[in-house]
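Okay, here's what each chain looks like letter by letter:
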Amino acid sequence: MVEFRREVKQLAQFVEKHGWVGGLRRWTWQDSGQACRWITNEMSSGQIAWALLLPPPGGKDIFIADVTFGAAPIVLSKIYNRVLSWSFLPDMNKIAEERARHLGVENVVFLNDVVSDSLLNFKCEIELSIFILSSDLLNVMPRATLKEGLKSVLREIAGRATQGWTNIILSPKKVRMERKALWELRGFSRRELVSLSKEFNFVCTRTYFFRRAPEDVREVLPSRNWSRKSLKEIGDYFLENCLSKKLVSNSLKHAIKSSILGFPSRVLVLSRFRNQRSIMDGLLENIQSSKLVEGPLTVQRYFRGNPNTILLRLGGPFGKKYICRIPLGFGSSIARASTNYAMLEKLRGTVLISKKVPKPVTKGEYQNQLYFLETYLEGCMCVMTSANCQELYGKVRPYLFSFVLDNGREHKIEEETFTQIIGKDIRTLKKYGKEGKDEDRINILESVLKERFMGRTMRLGLMHGDFKIENILFDSEGVSGVFDWDLGTVMGLPFVDLLYFYWYSFYYEKSKGIIDFIMNCFSSGGGDPCFKAWCDEYREALAISQDAVVYYAACFWIHYITNVGGALMSNYNKEQYQINIKQPLEFFLRKVGA
């Protein structure tokens, strides 16, 4: 408990002094151990898949009691006119305010306290209130304090709430406490639900279960619409099924698969409307209005993609299926979703691979939220092991070769081309290399790569950029699909996809990091004989000299560290920086004789 408060206070001091990005980085660096687990858990905007379950904006205000250090209010600011944000811990408010300022978000108001006078000063009309309760917060605050606090805040909000007010409570199921405290912290009892509903005129209750929210959203499974059931029945349901681990209804079994104990969090929605629509409902209608999709759509599954992207598997008539990508937040998530859609359009006329990628259907915007729709690929995912790596590589091999041989063309490497294929990633690396005082050595490596590549004619082709076994589907005939082209390009360097396929699909699990892979595979006499055979065959087919391989390996490392792991770079502590940046940089400089 004390540790969490201390860490939040320290982070707030760094952010106040150095700004959001600089403060976050310096706070991480001051500790040589692993970064606090909540640095990614609480701060990621990707955790708010539940935003799709919110009612659509009605032009009024929303209130959010926030523990996401501004992530949730900032994302919701794109959808709602004005967001009133209040943090349970005062230092969280300072961090969130600086984060919003960094992103240029102006329609989030940060409240120091929640009393009627404060809300009146802002002339609030609250149509939606959200309470996000994380396990860290629940461990910090005594349960009696928290419950009474929630009720008192609800009473303050009720004075400024609209007739259609909806209140949402997102809470984890598992907290490291004794069982009784766990139940009391996790939700309101039957009697409390009835009391709350009478006091605030709530007439409809819905419950949604999350696999890992709010710490890490993986999948959302909606329960039944409870609007026709009494609050007493809902309370009985939670008491019987949460505590006794039993399910008494077949329909409920179908709705939540096995046991709600398998879903560590829930979203409890209390509304003054019986038939409350959600943003999800409006989104589906918006997609259907494009007339590129036939018939009504239903959501078959919700799951999370990186970075900060929600993926919906949608079902249509006649067994048709689609994937809808919804990039949350700002920056890289939108850029990568846009790149994926653009790549799918470019891949339509390519050799071999065009029939193995999703087909782009439509893209659009709903409530200021972008979405991208593509066809769904059928197939099975495989795990790559030492026993099956040769077999799986044999199935993938034709596509790796076709990327460059069939779909590539010769380019003379000028300054602009160099910047496109690797220069822009080097600039990103320099930005983070300043922290470790390695900018000069990165400049040396850049000069070496320019000397090697510029002025030469090279064959550049398709590059997936994230070519790992998790992004490939198989059937009885071989590869049935390749998806997630959000780091792809039609003018990419050879070897990057091959190296990434081996490293992330097979070697990643047993290595200590990327430096371990690099040193084992590219040191003299090192490397797996199987991998060496793959590289030799690939190199000979593309007419690449043996001494050039290390230069392509350096480009692979730069691509991986700045694109695939780019979101994590700002959170590296000293140890992580050593493994991922400093040691690989020193290794490649030695290998190229610089």
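Cut-offs used in this document
Residues numbered from 1 in each chain as written. Predicted model: local features only at pLDDT ≥ 70, side-chain atom pairs only at ≥ 80, totals over all residues. Heavy atoms only, no water. Helix = DSSP H or I, 4+ residues; strand = E, 2+ residues; numbered from the N terminus. Buried < 20%, exposed > 50% of the residue type's maximum accessible area, 1.4 Å probe, protein only. Contact = heavy atoms within 4.5 Å. Areas by Shrake-Rupley, 256 points an atom, 1.4 Å probe, with all protein chains shown as cover. Salt bridge = Lys/Arg side-chain N within 4 Å of Asp/Glu carboxyl O. Axes fitted to C-alpha atoms, helices over the stretch in contact; angles between N-to-C directions. Parallel < 35°, antiparallel > 145°, perpendicular 65-115°, else oblique. Nonpolar A, V, L, I, M, F, W, Y, C, P; charged D, E, K, R; others polar. Pairing = 2+ DSSP bridges. Phe/Tyr/Trp six-rings, centres within 6.5 Å; stacked < 30°, edge-to-face > 60°. Lys NZ or Arg CZ within 6 Å of the ring centre and 35° of its normal. Core = buried A, V, L, I, M, F, W, Y, C linked by side-chain atoms within 4.5 Å. Disulfide = S-S within 2.5 Å.

Help me out: how do you make sense of the overall build of the protein chain in this one?
Across its full length, the protein chain carries 22 helices and 18 strands. Here the protein chain holds 594 residues, and the buried ones make up 59% of them. Across the protein chain, the fraction of contacts at a sequence separation of at least 24, relative to all contacts at a separation of at least 6, is 73%. Element-wise, carbon and sulfur atoms account for 48% of the exposed surface of the protein chain, whose accessible area totals about 25500 Å².

Just to check I follow, could you spell out the pattern of salt bridges for this structure?
If the charged atoms of two oppositely charged side chains come close together, the side chains can form a pair. Evaluated as defined, the whole model comprises 22 salt bridges. For the salt bridge of lysine 395 with glutamate 391, the shortest nitrogen-to-oxygen distance reads 3.8 Å. On the criterion of helical spacing, the pair formed by lysine 395 and glutamate 391 is a turn pair, its members being four residues apart in helix α14 (residues 389-405). On the basis of relative accessible area, lysine 395 is assigned to the partly exposed category, the value being 26%. For lysine 430, the salt bridge goes to glutamate 446, with nearest N and O atoms at 2.7 Å. Pair noted here: lysine 430 is in helix α15 (residues 415-433) and glutamate 446 is in helix α16 (residues 439-453), with a separation of 16 residues, a long-range link. Using a relative accessible area of 14% as the deciding quantity, one classes glutamate 446 as buried. One connected set of salt bridges, linked through shared partners, spans Asp438, Arg441, Lys582 and Glu586.

Any chance you could explain the side chain of serine 354 here in plain terms?
Tracing the chain through its elements places serine 354 in the loop between α13 (332-346) and β12 (360-366). In this structure serine 354 touches Leu347, Arg348 and Lys359, once residues within four positions along its chain are discounted.

Quick question: what am I supposed to make of the packing of helix α18 (residues 514-522) against helix α20 (residues 549-564) here?
Two quantities define a packed helix pair, namely the angle between the helix axes and the distance between the axes. Packing of α18 against α20 leaves a shortest axis separation of 12 Å and a crossing angle of 170 degrees. Viewed along their axes, α18 and α20 adopt a mutual orientation that is roughly antiparallel. Across from Ile514, Phe517, Ile518 and Phe522 in α18, the residues of α20 making contact are Val549, Ala553, Phe556, Trp557 and Tyr560. A per-class count over the contact of α18 with α20 returns nine nonpolar, no polar and no charged.

Can you walk me through the sheet that holds strand β10 (residues 309-315) in this structure?
Strand pairing within a sheet occurs via backbone hydrogen bonds; the two strands may be parallel or antiparallel. An order of β9-β10-β11-β13-β12 is seen for the five strands of this open sheet, with the pairing classed as antiparallel. Two strands lie at the open edges of the sheet, namely β9 (298-305) and β12, each paired on one side alone. Across the sheet, the axes of successive neighbouring strands diverge by a mean angle of 20 degrees, strand direction being ignored. As paired strands, β9 and β10 are joined by seven bridges and run antiparallel to one another. Looking at the pairing, arginine 304 lines up with isoleucine 310 of β10. With respect to the sheet, α13 is in contact with β10, β11 (321-327), β12 and β13 (369-375), its orientation differing from that of β13 by roughly 30 degrees.

I tried to follow the sheet that holds strand β15 (residues 457-463) on my own but got confused; where do I start?
Pairing within the open sheet is antiparallel, and its three strands lie in the order β14-β15-β18. What marks the edges here is a single partner per strand, and that holds for β14 (409-412) and β18 (489-492). On average, each strand axis in the sheet is tilted by 40 degrees relative to the strand beside it, whichever way the strands run. Pairing between β14 and β15: four bridges, direction antiparallel. Paired with lysine 412 across the two strands is threonine 457, which belongs to β15.

Is there a simple way to explain the packing of aromatic side chains in this structure?
Where two aromatic rings form a pair, the distance of their centres and the angle of their planes describe that pair. According to the stated counting rule, one finds 30 aromatic pairs in the structure shown. For arginine 313, the ring lying beneath its charged end belongs to tyrosine 376, and the centroid distance is 5.6 Å. Over the ring of phenylalanine 401 we find arginine 397, and its NZ or CZ is 4.4 Å from the ring centre.

Can you help me understand the nonpolar core in this one?
Counting 87 residues, the largest nonpolar core has Phe517, Trp534 and Trp557 as the members making the most contacts within it. At 12 residues, α20 tops the list of elements feeding residues into this core. In this structure, Val15, Ala65, Leu119 and Leu284 belong to the second largest nonpolar core, which totals 83 residues.

Even after reading the chapter, I still don't get unusual backbone geometry, so can you show me in this structure?
Among all residues save glycine, negative phi is the norm, and among peptide bonds the norm is trans. A positive phi angle, near 50 degrees, is found at lysine 123, a position not held by glycine. In this structure, asparagine 201 takes a positive phi of about 60 degrees despite not being glycine. Inspection of the secondary structure assignment puts asparagine 201 in the loop between α9 (190-200) and β6 (204-210).

How do you make sense of the environment of isoleucine 310 when you look at a structure like this?
Topologically, isoleucine 310 is positioned in strand β10. Sequence-wise, isoleucine 310 and alanine 49 are 261 residues apart; in three dimensions their C-alpha atoms are separated by 6.3 Å.

I keep staring at the state of the cysteines and nothing clicks. Help me out?
When the sulfur atoms of two cysteines share a covalent bond, that bond is a disulfide. For the structure shown, the criterion picks out zero disulfides. In this structure cysteine 521 is a free cysteine whose sulfur lies 7.6 Å from that of cysteine 535, the closest cysteine sulfur available. Look at cysteine 521 and you get buried, because its relative accessible area is 12%. For cysteine 530, which is in no disulfide, the shortest distance to another cysteine sulfur is to cysteine 389 and amounts to 4.1 Å. The class for cysteine 530 is buried, based on a relative accessible area of 12%.

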